[in-house]
Amino acid sequence: CAERFDLVSVQFVPFSFNPKGLPLGLAQGLKNTFMNTSFHINFHELWLGMERNATVKSRVMGYLQKRIINDILKVLRPKLISTNALLYRYQLSKLGYNTYILPLFSNIEKYDFFEDQQSGSKLTFALFGSLHKGAPVEEFIVELLRERIIRGGFSSELHFVFIGNCGVFIDEWCRVLENYKVSYNITGKVSEQVVSECL
């Protein structure tokens, strides 16, 4: 690269740099391309297999991805390391790296609505995006219900809205919600304006 840069910001998602999620050689490639440059790395995702009951395949893949991430950080020696998730910050700290939280803004435009958007006595949780295998769904719902009943944290009825194509693991959420008699609805794929309205 003929140009000189003061800082290069790498927005890291393993599968964006390699279709199999194993961006081998990325660190050296970036270092060779942007010589004598400082780096910032923002981790949008880390590695597979962090969740409980992860498959052997996910854990092996995650082990390789973790090694690649560690290599990237050692080779590039970034001035700044950030992520938008506390879990990822914790995982990176276990590797010995100081990381700060970088809040992300939405890519969904906020539309103006003239109708009353109040949900009455319902406390609504909107989930937009892919749901992941191994999430502690039941523990989460039980804790919400316990907070509601025992501690009086809120008195509203719980309600969940699943927006868009949430993936195959939505079945687990629905099973748990039905088991605890918590209402929900699934929008399926909808326009950006409907997503904005739901959020």
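All values reported here derive from a predicted model rather than from experimental measurement.

Enquirer: Would you take a moment to explain the pattern of salt bridges for this structure?
Expert: One side chain can pair with another of opposite charge once the charged atoms of both are near each other. In this structure the tally under the stated criterion is two salt bridges. Arg-175 is the salt-bridge partner of Glu-172, the closest N and O atoms lying 2.9 Å from each other. A residue pair is termed a helical-turn pair when its members lie 3 or 4 positions apart in one helix, as Glu-172 and Arg-175 do in helix α6 (residues 170-179) at three residues.

Enquirer: Is there a simple way to think about the packing of helix α2 (residues 26-33) against helix α3 (residues 56-76) in this case?
Expert: A pair of packed helices can be characterised by two numbers: the angle between their axes and the separation between those axes. Following both chains from N to C, one finds α2 and α3 inclined at 25°, their axes separated by 8 Å at the closest point. It follows that α2 is roughly parallel to α3 by the angle criterion. By crossing handedness, the relation of α2 to α3 is classed as right-handed. Taken together, the residues of α3 that come into contact with α2 (itself represented by Leu-26, Ala-27, Gln-28, Leu-30 and Lys-31) are Asp-71, Ile-72, Val-75 and Leu-76.

Enquirer: Explanation requested: a nonpolar patch on the surface in the structure shown.
Expert: A grouping of Val-56, Val-60, Tyr-63 and Leu-64 is seen on the molecular surface, where their side chains present a nonpolar patch of about 400 Å² in accessible area. Structurally, Val-60 is set in helix α3. For Val-60, a relative accessible area of 47% corresponds to the partly exposed category.

Enquirer: Before we go on, may I ask you to explain the sheet that holds strand β1 (residues 7-12) in this structure?
Expert: Sheet strands associate in pairs through backbone hydrogen bonding, adopting either a parallel or an antiparallel arrangement. Spatially, the four strands line up as an open sheet ordered β1-β2-β3-β4, and their pairing is parallel. Whereas interior strands pair on both sides, the edge strands pair on one side only; in this sheet they are β1 and β4 (100-101). With six bridges joining them, β1 and strand β2 (residues 38-43) adopt parallel strand pairing. Within the sheet, the bridge partner assigned to Leu-7 lies in β2 and is Ser-38.

Enquirer: What should I look at first to understand the nonpolar core in this one?
Expert: Within soluble globular proteins, side chains that are nonpolar tend to cluster in buried spots. One finds Ile-41, Phe-43, Ile-69, Ile-72 and Leu-73 to be the most contacted residues of the largest nonpolar core, which totals 22 residues. Only β1, α2, β2, α3 and α4 (86-94) provide two or more residues apiece to this core. When residues in this core are grouped by element, the largest group, five residues, is from α3. Setting aside its immediate chain neighbours within four residues, Leu-73 contacts Ile-41, Phe-43, Pro-78, Ile-81, Leu-92 and Tyr-97.

Enquirer: In this structure, what is going on with the pairing of strand β3 (residues 80-83)? I would like to understand it.
Expert: On a regular strand, each side chain points to the face opposite its neighbour's, so the side chains alternate between the two faces of the sheet. Strand direction decides the pairing type here: β2 and β3, joined by four bridges, are parallel. Residue pairing for β3: Ile-41 is matched across the bridge by Ile-81. The handedness of the β2 to β3 crossover, carried by α3, is right-handed.

Parameters at a glance
Residues numbered from 1 in each chain as written. Predicted model: local features only at pLDDT ≥ 70, side-chain atom pairs only at ≥ 80, totals over all residues. Heavy atoms only, no water. Salt bridge = Lys/Arg side-chain N within 4 Å of Asp/Glu carboxyl O. Helix = DSSP H or I, 4+ residues; strand = E, 2+ residues; numbered from the N terminus. Axes fitted to C-alpha atoms, helices over the stretch in contact; angles between N-to-C directions. Parallel < 35°, antiparallel > 145°, perpendicular 65-115°, else oblique. Left-handed = near helix turned anticlockwise from the far one by under 90°. Contact = heavy atoms within 4.5 Å. Patch = residues over 30% accessible without salt bridge, like charges linked within 9 Å, V, L, I, M, F, W, Y side chains within 5 Å. Areas by Shrake-Rupley, 256 points an atom, 1.4 Å probe, with all protein chains shown as cover. Buried < 20%, exposed > 50% of the residue type's maximum accessible area, 1.4 Å probe, protein only. Pairing = 2+ DSSP bridges. Core = buried A, V, L, I, M, F, W, Y, C linked by side-chain atoms within 4.5 Å. Right-handed = clockwise from strand over helix to strand, strands pointing away.

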